Amino acid sequence: MVSEPRMSSRNRLRSIDRAQVGDAACLIPARRDAPELLDQGVGSAADVRENLMEMWRINRMLGGVPALTRHLYPLLLREGRAQRIVDVGTGSGEMAILIARWAARNGLPLSVYPLDWAWRHLAVAGANAEGAAGVHLVQADVNALPFARDGVDYVISSLFLHHFAPDAVIRLLRDLYERARRGIVMSDLVRGVLPLIAFRAVQPVFARHPLTRHDGALSIQRAYTPPELLVLAREAGIETAQVYRHFPFRMTLVAVKPNV
């Protein structure tokens, strides 16, 4: 018996996109995989701080915060005990800080671990987190997390998954889902021509720094589509995975473990 050759993750994603968008395929260009300037260490400490501040402003004002918290907050409220969450690729740490402050206002015992591999990101996050209760910064590679299996309740991220190629996303999602006791909630951009046009339109207000303009546009080109992200999650063996679209150009992967 001759088995069919295994299709690469990249080719499977292309086939899925063609099937999903049909005549609108011209609005979803092929994914571009190139490193962003910030990830290459470009820029001074002041440049990094300004870039991360602008990215947080974009996240806060253009739908990034509710795309994550709309799914995470009800899950946290459901539990009647102390919980721990890890925010991988935290950048400025603002999302983790916002969640910690929300938990404090709601009387929830929550420990939040903003995690990033870059010390210069964590320097910004540390300044932002000053005085924020329950926030514990961690410098680590996401591929070598210092947390045991079931050592945290949820793993979350915002604007992080697009940094990885398809096969790396599969490995990452599998590992994060296995480590989390309850599940994962991960939000990101949606790739497409329209999101790119919209980003260029808002640059005079939200993206004045050259790093933000360059990396922001590249992030959209590196991002996945909701059907692609769902396929990657299923390839990772996460049967409970669901991907939700959020206005204007965001999506959120939610995977909660059953019977936990």
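Calculation notes
Residues numbered from 1 in each chain as written. Predicted model: local features only at pLDDT ≥ 70, side-chain atom pairs only at ≥ 80, totals over all residues. Heavy atoms only, no water. Helix = DSSP H or I, 4+ residues; strand = E, 2+ residues; numbered from the N terminus. Buried < 20%, exposed > 50% of the residue type's maximum accessible area, 1.4 Å probe, protein only. Contact = heavy atoms within 4.5 Å. Salt bridge = Lys/Arg side-chain N within 4 Å of Asp/Glu carboxyl O. Lys, Arg positive; Asp, Glu negative; His and termini not counted. Expected span 1.5 Å × (residues − 1). Core = buried A, V, L, I, M, F, W, Y, C linked by side-chain atoms within 4.5 Å. pLDDT = per-residue confidence, 0-100. Axes fitted to C-alpha atoms, helices over the stretch in contact; angles between N-to-C directions. Parallel < 35°, antiparallel > 145°, perpendicular 65-115°, else oblique. Left-handed = near helix turned anticlockwise from the far one by under 90°. Nonpolar A, V, L, I, M, F, W, Y, C, P; charged D, E, K, R; others polar.

Peer 1: Would you take a moment to explain the side chain of Glu79 for this structure?
Peer 2: With respect to the element layout, Glu79 can be found in the loop between helix 3 (64-78) and strand 1 (83-88). Look at Glu79 and you get buried, because its relative accessible area is 15%. Look past the residues within four positions of Glu79 in its chain and what remains in contact with it is Arg181 and Arg182.

Peer 1: Looking at this structure, how should I read the pattern of salt bridges?
Peer 2: Between side chains of opposite charge, pairing is possible as soon as their charged atoms come close. Evaluated as defined, the whole model comprises 10 salt bridges. Put simply, Arg181 and Glu79 hold a salt bridge, and the shortest N to O gap is 3.3 Å. With Arg181 in strand 5 (residues 180-189) and Glu79 in the loop between helix 3 and strand 1, this pair connects stretches of sequence that are 102 residues apart. For the salt bridge of Arg182 with Glu79, the shortest nitrogen-to-oxygen distance reads 3.2 Å. Taken as a pair, Arg182 in strand 5 and Glu79 in the loop between helix 3 and strand 1 lie far apart in primary sequence, 103 residues in all.

Peer 1: What is the right way to read the side chain of Glu94 from this model?
Peer 2: Looking at the secondary structure, you find Glu94 in helix 4 (residues 94-105). For the buried Glu94, no salt bridge exists, and the shortest N-O distance to an oppositely charged side chain is 5.5 Å, to Arg101. Residues in contact with Glu94, not counting those within four places in the same chain, are Trp56 and Asn128.

Peer 1: Looking at this model, I keep getting lost on helix 6 (residues 166-179). Mind explaining?
Peer 2: Residues lying three or four places apart along an α-helix face the same way, a consequence of the helix completing one turn every 3.6 residues. With 14 residues, helix 6 should cover 20 Å at 1.5 Å per step; its first-to-last C-alpha distance of 20 Å lies within 8% of that length. Those residues of helix 6 lying buried are Pro166, Ala168, Val169, Ile170, Leu172, Leu173, Leu176, Tyr177 and Arg179.

Peer 1: How do you make sense of the nonpolar core when you look at a structure like this?
Peer 2: Nonpolar side chains in soluble globular proteins tend to be buried together. In this structure, Val88, Leu173, Leu176 and Ile184 are the most contacted members of the largest nonpolar core, which totals 35 residues. Going through the elements one at a time, strand 1, strand 2 (110-116), strand 4 (152-158), helix 6, strand 5, helix 9 (226-235) and strand 7 (250-256) are the ones with two or more residues in this core. With seven residues, helix 6 is the largest single contributor of residues to this core. Setting aside anything within four residues of it in sequence, one finds Val88 in contact with Leu115, Val142, Leu145, Val155, Ile156, Ser157, Phe160, Leu176 and Met186. With 25 residues, the next largest nonpolar core counts Trp56, Leu68, Ile97 and Leu108 among its residues.

Peer 1: Sorry if this is basic, but what is going on with the confidence of the model for the chain here?
Peer 2: Detailed conclusions should not be drawn from predicted coordinates in areas where pLDDT is low. Averaged over all residues, the pLDDT of the chain is 91; the fraction at 70 or higher stands at 90%. Segment residues 1-5: pLDDT under 50, and zero contacts once partners within four positions in sequence are set aside and those in other chains are kept.

Peer 1: Help me understand the packing of helix 3 against helix 4, please; the structure alone is not making it clear to me.
Peer 2: Relative placement of two packed helices is described by the angle separating their axes and the distance separating the axes. Their axes nearest at 11 Å, the elements helix 3 and helix 4 cross at an angle of 40°. In terms of axis orientation, helix 3 runs oblique to helix 4. The chirality of how helix 3 crosses helix 4 is right-handed. Contacts between helix 3 and helix 4 involve Gly64, Val65, Leu68, Thr69, Leu72, Tyr73, Leu76 and Leu77 on the former and, on the latter, Met95, Leu98, Ile99 and Trp102. Classifying every residue of the contact of helix 3 with helix 4 by side-chain character gives 10 nonpolar, two polar and no charged.

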